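One-letter residues, chain by chain:
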Amino acid sequence: MAEIDRVDLTDDAARELGFLTSHLEEAEQIVRESRARPAPSNFKELYQQLPAGLAKNARRIVRSLLNIHEFTQESRITAQEAFDLVTDALDSLKQEVWGDVARTEWTNARSRLTGILSEIDDTHPFSIIQKASDLTYAHEKLLRDARIITDVRPVFRGDSEEITRGVVVHKLQIEYTSAGARHKVELALDAADVAALRKTCQRAEAKAAAIRKSLSSAWLVVIPREKSAE
């Protein structure tokens, strides 16, 4: 039994569903091709492995399929129940967003689309990559940006009429998100701090490389956003 009785959709979400229903053949091929090929470490690699004819719309199609799949998982409902809830939500949209033609295409796609969704089980590459992504970012605070601002501060003579020297100072600015809100913190650094940060980052990269080398024979080791994987 479904635990919810309605779902709300934005106009953009409805348009994406319309795009999905008009590309069901591609969606079927993408789902099956993805399972048949070597396990990718991320979605970009998955798209690159697809035949050229499928790669063009793959990102858009996969995003829509995953949105519906995750909705069924989180709501503990079947693909058929999700389809019916989405249909009710689409019917509440304005005619110019979701007209009779689009609705007919959507309802006619019920069997085919739910069949595609049933193929995305826990062992499918879509699910595995998404789970790895969720684990990567399952933290209270997530780094969004970091930079070091370097400045020179003048040291004046006692009477303030002449600069006697300049002091190089660094400021580390860190932007992060927590509970959906963006925050910033600033930390003063000296030359030794900058050197220590560089050494710490290099050590982290070396550790990741060592882990990959040690475990790659047993697992596909993923290093999120590693430069070589982008």
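Worth saying up front: this structure is predicted, and the values here are computed from it rather than measured. (Residues numbered from 1 in each chain as written. Predicted model: local features only at pLDDT ≥ 70, side-chain atom pairs only at ≥ 80, totals over all residues. Heavy atoms only, no water.)

S.K.: Got a minute to help me understand the sheet that holds strand β2 (residues 163-178) in this structure?
M.R.: In a beta sheet, neighbouring strands pair by backbone hydrogen bonds and run either parallel or antiparallel. Strand order in this open sheet of three strands is β1-β2-β3, and the pairing throughout is antiparallel. Lying at the two open borders of the sheet, with one neighbouring strand each, are β1 (141-156) and β3 (181-189). Across the sheet, the axes of successive neighbouring strands diverge by a mean angle of 20°, strand direction being ignored. One ladder, built from nine bridges, connects β2 with β3; its direction is antiparallel. Among the inter-strand pairings, histidine 170 is bridged to a residue of β3, identified as leucine 189. Helix-sheet contacts for helix α9 (residues 191-215) involve β2 and β3, and the interaxial angle to β3 is about 125°. (Pairing = 2+ DSSP bridges. Helix = DSSP H or I, 4+ residues; strand = E, 2+ residues; numbered from the N terminus. Axes fitted to C-alpha atoms, helices over the stretch in contact; angles between N-to-C directions. Contact = heavy atoms within 4.5 Å.)

S.K.: Just to check I follow, could you spell out the nonpolar core for this structure?
M.R.: Note that soluble globular proteins tend to have their nonpolar side chains buried in a common cluster. Counting 34 residues, the largest nonpolar core has Ile30, Leu65, Leu90, Trp106, Leu113 and Phe126 as the members making the most contacts within it. The set of elements that each furnish at least two residues to this core consists of α1 (11-21), α2 (24-36), α3 (43-49), α4 (52-75), α5 (79-91), α7 (110-119) and α8 (125-136). No other element matches α4, which puts seven residues into this core. Counting six residues, the second largest nonpolar core, distinct from the first, contains Val7, Phe71, Ile77 and Ala89. (Core = buried A, V, L, I, M, F, W, Y, C linked by side-chain atoms within 4.5 Å. Buried < 20%, exposed > 50% of the residue type's maximum accessible area, 1.4 Å probe, protein only.)

S.K.: Help me understand the environment of histidine 23 in this model?
M.R.: Its location among the elements puts histidine 23 in the loop between α1 and α2. As a C-alpha pair, histidine 23 and valine 168 span 145 residues in sequence and 59 Å in three-dimensional space. Residues within four places of histidine 23 in sequence aside, it is in contact with Asn57 and Ile61. Here phenylalanine 19 takes part through its backbone oxygen, which lies 2.8 Å from a polar atom of the side chain of histidine 23. (Polar contact = N/O pair within 3.5 Å; in protein donor to acceptor, adjacent residues only side chain to side chain.)

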